[in-house]
Amino acid sequence: MLNVQQRAMALRQCLRATQRHYHGDVRVRFAPSPTGYLHLGGLRTALYNFLFARHAGGKFVLRIEDTDQSRLVPGASERLIEDLLWAGIEIDEGPGFDGDYGPYIQSERKELYSDAVDRLLQNGSAYRCFCTERRLELLRKEALRTRQVPRYDNKCRHLTEAQLAALLDRGMPHCVRFKLTEHEEPLEDLIYGRVQHNVSETEGDPVIMKSDQFPTYHLANVVDDHHMGITHVLRGVEWQISTTKHLLLYKAFGWRPPQFGHLPLLVNADGTKLSKRQGDIGIQQLRERGYFPQALINYIISAGGGFEHRPNARPQLQTLDALAQQFRLKRVNSHPSRLNSELLNDYNQLEIRRRLEAGEETRLHLVALVQQLVKQTYPNHSNLDLAETHILNVLHWAAQRLTLIQDLTSGKLSFLWVKPTECELDNDLTSEQLQQLLQQLSVLATFEKNALNDKLKNYAHQQQLKFPMLMKTLRAALSGLKEGPGVAEMMEILGKTVVLQRLEETIKKQSKVESMRVQRL
């Protein structure tokens, strides 16, 4: 039972919840279980709740549903909050945030659930069940043998007062079940329209309080949504069939239920279900691969609807504020939402371009990100080219070609960052000839691959140099590598300034080598 202070807190929350319902303030919640990390489906649910709340000027509440203690993953709640904030989803109330309806972690609200169960036991809407796991397993096996759907047979619903008292006196372990009744009123789903599931015909009475005194999802989410004043519940369509049970619970408590909307499944482009085994639906993995928050948000909403449909429209990046203004729940699709993975790359490329064209602070953040990635990739190199202007030039080149910033640190592009340390010219090429080439390159108006290739061929012909030998020497001078992109392409990527700098450094080193040779003679 709740103590006096806790009862007072519960009463205040209940009064506020009632006021919310009747004064029209929108309050939504995202209520994940910390049994794993945030994935695309969970982020979609959080995002649509957030957009709906922001559009209506309401509140977005985060609640951690950790009643299944056996499956908790250490650190999952903290990582989940970090991922939401990274995505730009602001939490108005929740663990570690302000709010008058806490605590926002279900394991810290156990006494509230116990009080709710006592209320249902007293009004005859629930009963204690003493059936053992062995009996329940036998029921399941028998149902499967006769090709029926396994369900509890409601045996303990019919215990007499004397039988119940005797079992309690013996200290027999038990759970508490809720009595399902026929529910003739259909659910008015905000997305699917009128839906009806008479669960009492297909299911046994559900457990609402386990023997470990932790509530099940069915009880806890109803109690919490009521006491936290939640006005709209937007969740995955897999919970739609359970909503009938929740409406029955609201009726048993005498509470007004929130409005329910169920979001369609997210599926792959071919219609198959998303699976955590795919390895590319976890938000942390997508972050580590280099996808930006705004790209991921736009990718998710591209599949699920909620916005005005523009046939054949090219991908366009929208901010969260703009998305919130445009969002309409009536436009959310009721059919499975197909994700096209190619669109994610398109959006990420758009985001790279947007950041490059944004203000100086945004560009510098992008430069700092590249510097950090390069240092992580080449920790043993001290001779790295991390100048701001060089990185910006590379990014402008990459913005038209690459989809991930991390791609810039691939092995074949190491020449962008690792300066060559030693480069000895071929005996057929002198430092004076390289100096002449440098001067010709410095006056080129266009530092583009085709123009550079023509210039190098003409120079080799003028100097009577073997073209492959010239290319080999330039590759070594510019990258220190024996393989990689074509030399002209490499020069275009590096940019005129860096190419001239690296050639000048090579000439200085070669001049010293030639001077030492002369002294030895």
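Overview of the structure.

What counts as what
Here the residue numbering is sequential within each chain, running from 1 through the sequence in written order. Note on the predicted model: pLDDT of at least 70 is required for a residue's local features to be given, and 80 or more for side-chain atom pairs to be given and counted; whole-chain, interface and lining totals, by contrast, use all residues. The basis for every side-chain value is the complete set of non-hydrogen atoms in the structure, without hydrogens or water. Lines fitted to C-alpha atoms define the axes, with helix axes restricted to the stretch in contact, and inter-axis angles between N-to-C directions lie between 0 and 180 degrees. Under the scheme used here, helices are H or I runs from DSSP no shorter than 4 residues and strands are E runs no shorter than 2 residues, and both carry numbers assigned from the N terminus. Orientation labels follow simple angle bins: below 35 degrees gives roughly parallel, above 145 gives roughly antiparallel, 65 to 115 gives roughly perpendicular, and whatever is left gives oblique. Put simply, a crossing is left-handed when the front helix is turned counterclockwise from the back one by less than a right angle, and right-handed when it is turned clockwise. It only takes one pair of heavy atoms within 4.5 Å for two residues to be counted as in contact. In this count, Pro and Cys sit with the nonpolar residues alongside Ala, Val, Leu, Ile, Met, Phe, Trp and Tyr, while Asp, Glu, Lys and Arg are called charged and the others, Gly among them, polar. Only protein chains enter the accessibility calculation, which uses a 1.4 Å probe; a residue whose area is less than 20% of its type maximum is buried, one above 50% is exposed, and one in between is partly exposed. It is the directions from the helix axis to the C-beta atoms that the arc portrays. What makes two strands pair is DSSP finding at least two bridges between them. For each structure, a 1 Å grid was placed over the protein atoms alone; sets of points admitting a 1.4 Å probe that cannot get out are labelled cavities, open sets with protein on both sides within 12 Å along at least five of seven lines are labelled pockets, and lining residues have an atom within 4 Å of a point. Grid points are joined across faces, edges and corners, and a volume is the space filled by probe spheres set on the points. By the criterion used throughout, a crossover qualifies as right-handed when its path from the first strand across the helix to the second strand runs clockwise, the strands pointing away from the viewer.

**Details of the packing of helix α16 (residues 449-462) against helix α18 (residues 487-494)**
Then, in step 1: Interhelical geometry of α16 versus α18 gives an angle of 125° and a closest axis separation of 8 Å. Regarding the angle of α16 to α18, the classification is oblique. The element α16 and its partner α18 pack so that their crossing is right-handed. Here Lys 449, Leu 452, Asn 453 and Leu 456 of α16 lie close against α18, whose contacting residues are Val 487, Ala 488, Glu 489, Met 491 and Glu 492.
Then, in step 2: Residues that form the contact of α16 with α18 fall into these classes: five nonpolar, one polar and three charged.

**Regarding helix α7 (residues 217-227)**
Then, in step 1: In terms of burial, α7 is a largely internal element, eleven of the eleven residues being buried.
Then, in step 2: Count one or two residues on from α7 and you reach Gly 229, which has phi positive near 70°.

**Details of helix α3 (residues 76-86)**
Then, in step 1: Regarding α3, the residues found buried are Ala 76, Ser 77, Leu 80, Ile 81, Asp 83 and Leu 84. The arc enclosing the buried residues of α3, seen along the axis, measures out at 160°, which places them on a common side.
Then, in step 2: Looking at the buried residues of α3, the elements they touch are β1 (27-30), α2 (40-56), β2 (59-62) and α9 (283-289).
Then, in step 3: Gly 88 sits one or two positions beyond α3 and adopts a positive phi of about 95°.

**Here's the deal with the sheet that holds strand β4 (residues 175-178)**
Then, in step 1: The strand order β3-β4-β7 describes an open sheet built from three strands, whose pairing is antiparallel. The sheet terminates laterally at β3 (126-129) and β7 (207-209), the two strands that pair on one side only. Taken over all neighbouring pairs, the strand axes of this sheet differ in orientation by 45° on average, direction set aside.
Then, in step 2: Across four bridges, the pairing between β3 and β4 is antiparallel. Across the sheet, Ala 126 pairs through a bridge with Phe 178, a residue of β4.

**Description of the layout of surface pockets**
Then, in step 1: Volume-wise, the largest pocket comes out at about 1,200 Å³.
Then, in step 2: Lining of the largest pocket is provided by 39 residues; of these, Ser 33, His 39, Gly 42, Glu 238 and Trp 239 occupy positions nearest its centre.
Then, in step 3: Empty space within the second largest pocket amounts to approximately 680 Å³.
Then, in step 4: Contributing to the lining of the second largest pocket are 23 residues, with Ser 302, Glu 308, His 309, Arg 310 and Tyr 347 lying nearest its centre.
Then, in step 5: Breaking the lining of the second largest pocket down by element, the ones donating at least two residues are α10 (293-304), α11 (320-326) and α12 (341-357).
Then, in step 6: Looking at the lining of the second largest pocket, the element that brings in the most residues is α10, giving four residues.
Then, in step 7: The class makeup of the residues in the lining of the second largest pocket is nine nonpolar, ten polar and four charged.

**Considering the pairing of strand β9 (residues 259-263)**
Then, in step 1: In terms of residue burial, β9 counts as a mostly covered element, since four of its five residues are buried.
Then, in step 2: Note: strand β8 (residues 232-236) against β9, five bridges, orientation parallel. Across the sheet, His 232 pairs through a bridge with Gln 259, a residue of β9.
Then, in step 3: Taken together, β8, helix α8 (residues 243-253) and β9 form a β-α-β motif whose crossover is right-handed.

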